[in-house]
Protein chains: 2
Amino acid sequence: MNLLLIAIICGVIAVLYGVVTTMQVLKAPAGNERMRDIASAVQEGAQAYLARQYRTIAIVGVVVVALVYYFLGPVSAIGFLIGALLSGVTGFVGMNVSVRANVRTAEAARTSLQGGLTMAFRSGAITGMLVAGLGLLAISVFFYYLTAVAGHAPNDRVVVDALVALAFGASLISIFARLGGGIFTKAADVGADLVGKVEAGIPEDDPRNPATIADNVGDNVGDCAGMAADLFETYVVTLGVTMVSIALTVTGGDGEMLMKLMSLPLIIGGLCIVTSVIGTYMVRLGKGSIMGALYKGFWTSAVLGAVLAYPVTQYVLGDMNAVVASIPGVGDAEIQLTGMKLFYCMLIGLGLTGLLVWITEYYTGTNYRPVQSIAKASQTGHGTNVIQGLAISLESTALPTVAIVIAVIAAYQLAGVIGVAFGATSMLAMAGMVVALDAYGPVTDNAGGIAEMAGLEEDVRTRTDALDAVGNTTKAVTKGYAIGSAALAALVLFGAYTTDLREFFPDVAVDFSLSNPYVIVGLLLGALLPYSFGAFGMTAVGRAAGSVVEDVRQQFRDNPGIMEGTVRPNYGRTVDLVTKAAIREMILPSLLPVLTPIAVYFLITLVAGQASGFAALGALLLGVIVSGLFVAISMTSGGGAWDNAKKYIEDGNYGGKGSEAHKAAVTGDTVGDPYKDTAGPAVNPMIKITNIVALLLLAALAAAH
Amino acid sequence: MNLLLIAIICGVIAVLYGVVTTMQVLKAPAGNERMRDIASAVQEGAQAYLARQYRTIAIVGVVVVALVYYFLGPVSAIGFLIGALLSGVTGFVGMNVSVRANVRTAEAARTSLQGGLTMAFRSGAITGMLVAGLGLLAISVFFYYLTAVAGHAPNDRVVVDALVALAFGASLISIFARLGGGIFTKAADVGADLVGKVEAGIPEDDPRNPATIADNVGDNVGDCAGMAADLFETYVVTLGVTMVSIALTVTGGDGEMLMKLMSLPLIIGGLCIVTSVIGTYMVRLGKGSIMGALYKGFWTSAVLGAVLAYPVTQYVLGDMNAVVASIPGVGDAEIQLTGMKLFYCMLIGLGLTGLLVWITEYYTGTNYRPVQSIAKASQTGHGTNVIQGLAISLESTALPTVAIVIAVIAAYQLAGVIGVAFGATSMLAMAGMVVALDAYGPVTDNAGGIAEMAGLEEDVRTRTDALDAVGNTTKAVTKGYAIGSAALAALVLFGAYTTDLREFFPDVAVDFSLSNPYVIVGLLLGALLPYSFGAFGMTAVGRAAGSVVEDVRQQFRDNPGIMEGTVRPNYGRTVDLVTKAAIREMILPSLLPVLTPIAVYFLITLVAGQASGFAALGALLLGVIVSGLFVAISMTSGGGAWDNAKKYIEDGNYGGKGSEAHKAAVTGDTVGDPYKDTAGPAVNPMIKITNIVALLLLAALAAAH
């Protein structure tokens, strides 16, 4: 049997899981009329936003697909389209489930915490399985077609370019979706909080606040659709670049073995989809905490995946201890690959995933020193809350970096750059489960909003709040995990870049040594990208939130009945305003990582020649990860910690709700919002897209050569 | 005449300027008894702190000097001692002048703005000239002794090691002084603000606040003594490494020409001391603004320096167009050096200095968009103030990076790594003037405090406030300038590292290519350093400020007469508390950049062999600048912008003092405090010390080899 069929079957299983679970979710009761009303307002808003976002992206997409077609031919153009469309589908379906699960979660939480947890987690799991399943199907079906049907060799340039183009399609959509969704959700959230909680003195999600529906829409289009597009992209890029780097670097072994090696990442992806499906059924409260219940699912999938990776690898490669291929190492050394070595690298990837989850929980969970230190600092005011939050956000980068460095060294010692690639692949293989944990968050957040707006019993809100606090941590976990895998993938992408360079331009002697000043220039310009990008994101949220504040103030002024509770505010107007602002603000920063590599290459080539241009471009790819890793981790962990410090105080510590400490903690939470949900997470697709554009630029230059 | 004598004479001129101007300052009237009382409390506190700080550093210093003696011999040990002692002297004398000029500035401001400006600027100029003068004397006398008296060749290993050890001495003191002083000043400032302005509702510098004296002490030990030690270090390291890199890389030309080339940076330093002295006499108000008056001094020195650099270079090298030496370029290329090329590189350095000054003013001045946007965002609350401030801090890294990149490319194209070194040298040649602009700030800040506490007329405070607002910008300017020059110096230091490596370990093939995973590991670990270091700094300030708050609360509680104004608070107790806290908190983070390079080298060598260890260590040196540049600029510019956004509101915009916007702006200012005065500026000495430790490690390993 063609090995790829196994991967395709696993992908289909994931999609089937999604269909079946969606039916289960939709069958559940959707609450009373008031709840359904609110939910349908959220649905409408979310659909309207997503439709508009996709229309805008489509314009950019059409231009890009024409360029890809012109420079790289029809197969690559098709690859680009598949990546782009499926990325869109993942976000679209995930969001549509999420906006239906929210009200059902609120309804289920009326009965029990377990009921709410099950409903929210199922909804998350649908998105998770779609991300992994559609990602796996996209690559394996396309690769199957190219090799088994169209008859290309697996390392044929057509196949390599097509895989890169597929990744590009996914990346391009995801940067827009992450950023647009991120701006939407935080502009609405910050705006609603400022004008509601701070100015008007009404609680969060109070139905009198015209921005509440926009806030709830934001959870779905940002934390659900945007996140799903991001992780879909990470999945496709990581698996794709692993295959590409095998195709480009493996020298020993025959064509059949090459095909097996290239299929292995896909089959490992398929295996972990199956273990993730099993894991989803282990999410039960029992006697432990909510986080403990979610962990049961995660660890089941991870441990099962680790154990089964051994027989699966043996099945694919035949013999775990035989040398299956060789690849170049540092200098003139050759590294011999065996199944056993690759298996160890996969264990390293899974171990790193576990470590990153644990570290993120430490930095963002309410049970540990970091969050509690922020809460404590809130007692002395807004300023000390923010200072301590920034201190924690800076500090939170240390352990992940050390963990990543150790993983890179270990994987590289075992199997060179292919080892690092397999580490990244096994990390991403867990994407189904990790996304499930994350996508559960916005559903509970929405459920709480609906409970509040529909005036449900107090204890429903208490239950959804408990679920939501854990959501803050799981959201931070996904981001740390995505950016951690990006650090590994960046090494592999850089390897692909240098290999391509040697193949396309054998007569240009490019010096990647740190002694070359153009390498330093590239590193500095690359390092600048996450900073500029972050500045755009933060400014956009600030500006859009400002217009929300003005709109709400005007509604209150024009219509005093709103505050009295006699007139319904014009929710749609606020949603529409945020929609337009988010779309407008996402375009320029999204183009930054697409255009910068091209500009740097041409400018440096003009000044100092092509070899310097290639050196600067290559260094830029590493500069962006060297700085982006820290910017992203500090923002996402810091933001999560701020949010939970507020929750920790709301749980009755340091004076509880309404105290001065609480007010300071609300400020910290507001600051953390665009940090953790707009600027921080968008760094991951930004890094990927910079790298992929560089690879495509090389291919295009070679074609024009 | 020996060329070095010219440099020595210029150094003596700077010191004489310091002596004469100090006498002028001390002759001025020191105000009424109340003012003198307050000033003497500040003096005592500052001296007590500095004495304690130096005692603590001395313990570390004795251990280090023993290690230097053991590994590198007596000459290097003497070099280390000279660097360390003179760095201490610079800070000590500068601070002693500053604590006497503050009260005289307040007294002078009673008569006119020009009077206050002159007194404060003269005090700053004394510190500035001491930094440049003692720095120049340290290197040139030591170099003169080694070459002309002891008879070593200028590129003898003894000379090179001794120069590096001299730089190490200066760096080690400066990291402690910058960090200890930074923690002291901001702990006192933040603590005083929180408990005074926010809790007790009394104005800044109110004599009833027990923390006010500590706050004023902090300005002197942090912004004056700490800053002076930092810039002294930057001066010595930059000029020293330029000479070292000439000694190590120049291959063509004879010994006499080598001596001339190595003397050139010192003579340019001497030239700019003379033009800076002239510049100080141009600081007059006339019809323009305060900033304009300061700029007159700056531009006079810079333009005169640029014009005179041509004849000076010609005098030293004989013929501007003759090839005086050759050095290796990228690959096998050789770069021919001429006087003309070096002159152009100096112009590039001076131009970059001007650009960085201009960019920093744009980002931190009250007249431009960035500061005004933060003030505007304050209207919607604490959260949006902080969000916009963070956005500006991220954004502010872009233009400096681009300017630095262009300068590096241009200087490198002209004269390779030596060109970059001369660019950095000409930047630092302006140190006398730049430090003068900076050190003027704390004097005006103190003068304002004294005016407030002594109950002087309202318009005195208005004048000192106007002077102080400009001080925020000039303080940010120095930091941007120091870190910008660090980026250039880092390239030169890395060049020295690779050259040393080839010389000491010719049989170890070190691969600095970005394809080597140990290079990536080094880059990531280097990039981590400024983050961890920043986390330490921010946490230290938060913690120490917290204890200030508690101490002041207790004083208020135990002694109600304090708030009634009938009993004098125990200022000394608070000063003592902050002193102990600052000393305690500075030790661990200061050792981080000393120990990390050593740990990384040995750990990686253990795991992957010596070549990988050297590669990771080299990459670490660049990782720390690639990330440190952004961390430092974003923190110092962002902090300055926050501070001036508050001042902009206090000038009557967006509701003025006491409005909600003002409260939000105070929060932003508090957050910006440790950003701009503790964590951010300490990154510069941290980068240097990491690099120098690596160079010394190589020399020590070679000796043990």
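Residues numbered from 1 in each chain as written. Chains lettered and ligands numbered in written order. Predicted model: local features only at pLDDT ≥ 70, side-chain atom pairs only at ≥ 80, totals over all residues. Heavy atoms only, no water.

Peer 1: Can you walk me through the overall build of chain A in this structure?
Peer 2: Summing up its helical and strand segments, chain A has 19 helices and 2 strands in all. A compact globule built from 705 residues should have a C-alpha radius of gyration of about 27 Å, and chain A, at 24 Å, falls within 12% of that. Each principal axis of the C-alpha atoms in chain A carries an extent, and together these give about 75 × 55 × 45 Å. Counting all 705 residues of chain A, 70% fall into the buried class. Restricting to contacts in chain A with at least 6 residues of sequence separation, those with at least 24 account for 84%. (Helix = DSSP H or I, 4+ residues; strand = E, 2+ residues; numbered from the N terminus. Rg over C-alpha atoms; globule rule 2.2 N^0.38 Å. Buried < 20%, exposed > 50% of the residue type's maximum accessible area, 1.4 Å probe, protein only. Contact = heavy atoms within 4.5 Å.)

Peer 1: Would you mind going over the UniProt feature "site: Determinant of potassium independence" (unreviewed entry) in chain A with me for this structure?
Peer 2: Residues and elements named next belong to chain A. Here the UniProt feature "site: Determinant of potassium independence" (unreviewed entry) sits at Lys475. Among the structural elements, Lys475 can be located in helix α14 (residues 458-504). For Lys475, a relative accessible area of 7% translates into the label buried. Apart from residues lying up to four places away in sequence, Lys475 is in contact with Asp223, Asp438, Lys676 and Asp677. (UniProt positions renumbered as here; feature names shortened; annotations may be inferred.)

Peer 1: Where do I start with the interface of chain B and chain A in this structure?
Peer 2: Often, the extent of an interface is quoted as the loss of accessible area upon association of its parts. In this assembly, 68 residues from chain B lie in contact with 66 residues from chain A. A combined buried area of about 5,800 Å² lies between chain B and chain A, and 82% of that area is made up of carbon and sulfur atoms. Where chain B touches chain A, the interface holds 0 salt bridges. Along the contact surface separating chain B from chain A lie 5 residue pairs in polar contact (both at pLDDT 80 or more). Only α5 (157-200), α11 (382-395), α12 (398-429), α14 (458-504), α15 (517-558), α17 (571-608), α18 (610-650) and α19 (660-704) of chain B provide two or more residues apiece to the side of chain B that touches chain A. By residue number, the principal contributor to the side of chain B that touches chain A is α15 of chain B, which donates 18 residues. Per-class residue counts for the side of chain B that touches chain A are 45 nonpolar, 20 polar and 3 charged. (Buried area = accessible area lost by both parts, 1.4 Å probe. Salt bridge = Lys/Arg side-chain N within 4 Å of Asp/Glu carboxyl O. Polar contact = N/O pair within 3.5 Å; in protein donor to acceptor, adjacent residues only side chain to side chain. Nonpolar A, V, L, I, M, F, W, Y, C, P; charged D, E, K, R; others polar.)

Peer 1: What am I meant to see in the packing of helix α15 (residues 517-558) of chain A against helix α19 (residues 660-704) of chain A here?
Peer 2: Each pair of packed helices can be summarised by the angle the axes make with each other and by the distance between the axes. All names here are of chain A. At their nearest, the axes of α15 and α19 sit 9 Å apart, and the two run at 140° to each other. As far as their axial angle goes, α19 and α15 are oblique. Handedness of the α15/α19 crossing: right-handed. On the side of α15, the interface is formed by Leu529, Pro530, Phe533, Gly534, Gly537, Met538 and Val541, while α19 contributes Pro674, Tyr675, Thr678, Ala679, Ala682, Val683, Met686 and Thr690. For the contact of α15 with α19, a count of residues per class yields 11 nonpolar, 4 polar and no charged. (Axes fitted to C-alpha atoms, helices over the stretch in contact; angles between N-to-C directions. Parallel < 35°, antiparallel > 145°, perpendicular 65-115°, else oblique. Left-handed = near helix turned anticlockwise from the far one by under 90°.)

Peer 1: Would you mind showing me how to read the pattern of salt bridges here?
Peer 2: Working definition: two side chains of opposite charge can pair if their charged atoms are close together. A full pass over the atoms with the stated rule returns 56 salt bridges over all chains. For Glu452 of chain A, the salt bridge identified is with Arg461 of chain A, shortest N-O distance 3.3 Å. For Arg461 of chain A, a relative accessible area of 14% corresponds to the buried category. In this structure, Lys676 of chain B and Asp673 of chain B form a salt bridge, with 3.0 Å as the shortest nitrogen-oxygen distance. On the criterion of helical spacing, the pair formed by Lys676 of chain B and Asp673 of chain B is a turn pair, its members being 3 residues apart in helix α19. For Asp673 of chain B, a relative accessible area of 1% gives the class buried. One connected set of salt bridges, linked through shared partners, spans Lys186, Asp189, Asp223, Lys475, Lys479, Asp643, Asp673, Lys676 and Asp677 of chain A.

Peer 1: Quick question: what am I supposed to make of the environment of Ile520 of chain A here?
Peer 2: Counting through the fold element by element, Ile520 of chain A comes out in helix α15. On a C-alpha basis, the gap between Ile520 of chain A and Cys10 of chain A in space is 45 Å, while along the polypeptide they are 510 residues apart. Residues within four places of Ile520 of chain A in sequence aside, it is in contact with Leu514 of chain A together with Leu491 and Leu622 of chain B.

Peer 1: I would appreciate a short explanation of the relation of the copies chain B and chain A in the present structure.
Peer 2: Mapping one chain copy onto the other needs a rotation about an axis and a shift along that axis. Once chain B has been moved 0.0 Å along the axis and rotated by 180°, it coincides with chain A to within an RMSD of 0.0 Å. Taken together, the turn and the small shift mark the pair as related by a two-fold rotation axis. Taking C-alpha positions as the reference, the residue of chain B nearest the rotation axis is Ser513 of chain B, at 2.0 Å. Looking at chain B, 97% of its interface residues are interface residues in chain A too, so the copies touch through the same face. (Least-squares fit on C-alpha atoms with pLDDT ≥ 70 in both.)

Peer 1: Got a minute to help me understand the packing of aromatic side chains in this structure?
Peer 2: The geometry of an aromatic ring pair is captured by the separation of the ring centres together with the interplanar angle, meaning the angle of the planes. Scanning all chains against the criterion turns up 37 aromatic pairs over all chains. Judged by centre distance (5.5 Å) and plane angle (55°), the ring pair of Tyr362 of chain A and Tyr368 of chain A falls under tilted. Taking the centre distance of 6.0 Å and the plane angle of 70° together, the rings of Trp642 of chain B and Tyr675 of chain B count as edge-to-face. Separated by 33 residues along the polypeptide, Trp642 of chain B in helix α18 and Tyr675 of chain B in helix α19 bring together distant segments of the chain. A relative accessible area of 0% means that Trp642 of chain B is categorised as buried. Linked through ring pairs, Trp358, Tyr362, Tyr363 and Tyr368 of chain A together constitute an aromatic cluster. (Phe/Tyr/Trp six-rings, centres within 6.5 Å; stacked < 30°, edge-to-face > 60°.)

Peer 1: Got a minute to help me understand the nonpolar core in this structure?
Peer 2: For soluble globular proteins, the rule of thumb is that nonpolar side chains tend to be buried together. In terms of nonpolar packing, the biggest core is built from 561 residues, with Tyr497 and Leu514 of chain A together with Phe168, Tyr497 and Leu514 of chain B touching the most fellow members. Residues contacting Tyr497 of chain A, with those up to four places away along its chain left out, are Phe512, Phe614, Leu617, Gly618, Leu621, Ala694, Leu695 and Leu698 of chain A. (Core = buried A, V, L, I, M, F, W, Y, C linked by side-chain atoms within 4.5 Å.)

Peer 1: When you look at helix α1 (residues 3-27) of chain A in this model, what are you seeing that I'm missing?
Peer 2: Residues lying three or four places apart along an α-helix face the same way, a consequence of the helix completing one turn every 3.6 residues. Residue and element names in this part refer to chain A. The end-to-end C-alpha distance of α1, which contains 25 residues, comes to 37 Å, matching closely the 36 Å that a straight helix rising 1.5 Å per residue would cover. For α1, the set of buried residues is Leu3, Leu4, Ala7, Ile8, Cys10, Gly11, Ala14, Tyr17, Gly18, Thr21, Thr22 and Val25. In this structure, the buried side of α1 is in contact with α3 (74-109), α4 (113-149), α7 (255-280) and α8 (290-317). At the N-terminal end of α1, a side-chain oxygen is found 2.8 Å from the backbone nitrogen of Leu4, two or three residues along, and the residue is Asn2. (Expected span 1.5 Å × (residues − 1).)

Peer 1: Quick question: what am I supposed to make of the environment of Asp205 of chain B here?
Peer 2: Residue and element names in this part refer to chain B. Of note, Asp205 is situated in the loop between α5 and α6 (212-249). For Asp205, a relative accessible area of 5% puts it in the buried group. Each C-alpha atom of the pair Asp205 and Gly448 lies 8.3 Å from the other, and the pair is 243 residues apart in sequence. Contacts of Asp205, omitting those with residues within four sequence positions, involve Thr212, Asp215, Asn216, Gly448, Gly449, Glu452, Met453 and Arg461. In this structure the side chain of Asp205 is engaged in a polar contact, spanning 3.2 Å, whose partner is the side chain of Arg461.

Peer 1: I would appreciate a short explanation of the confidence of the model for chain A in the present structure.
Peer 2: For residues with low pLDDT, the predicted coordinates do not support detailed interpretation. All names here are of chain A. On average, residues of chain A score 91 in pLDDT, and 99% of them reach the 70 mark or higher. Within chain A, the element-level pLDDT minimum falls on strand β1 (residues 323-328), averaging 83, and the maximum on helix α10 (residues 369-377), averaging 96. The ipTM, which scores confidence in the relative placement of chains, is 0.94 for this predicted complex, and the corresponding pTM is 0.94. (pLDDT = per-residue confidence, 0-100.)

Peer 1: I would appreciate a short explanation of the side chain of Thr397 of chain A in the present structure.
Peer 2: With respect to the secondary-structure elements, Thr397 of chain A resides in the loop between α11 (382-395) and α12 (398-429). What makes Thr397 of chain A buried here is its relative accessible area of 0%. For Thr397 of chain A, the side chain forms a polar contact with the main-chain oxygen of Leu394 of chain A, separated by 2.8 Å. Apart from residues lying up to four places away in sequence, Thr397 of chain A is in contact with Phe630, Ile633 and Ser634 of chain A together with Leu528 and Tyr531 of chain B.

Peer 1: I tried to follow the side chain of Thr464 of chain A on my own but got confused; where do I start?
Peer 2: All names here are of chain A. Positionally, Thr464 belongs in helix α14. Looking at Thr464, the relative accessible area reads 1%, which means it is buried. Those residues in contact with Thr464, other than ones at most four positions away along the chain, are Ala109, Thr444, Ala447 and Gly448.

Peer 1: I would appreciate a short explanation of unusual backbone geometry in the present structure.
Peer 2: Where the residue is not glycine, phi is negative for most of them; where a peptide bond is considered, it is trans in most cases. One non-glycine residue, Tyr654 of chain A, lies in positive phi territory at about 50°. For Tyr654 of chain A, the location among the structural elements is in the loop between α18 (610-650) and α19.

Peer 1: Quick question: what am I supposed to make of the environment of Tyr497 of chain B here?
Peer 2: By the secondary structure assignment, Tyr497 of chain B is in helix α14. Expressed as a C-alpha distance, the spacing of Tyr497 of chain B and Asn691 of chain B, which sit 194 residues apart in the sequence, is 8.4 Å.

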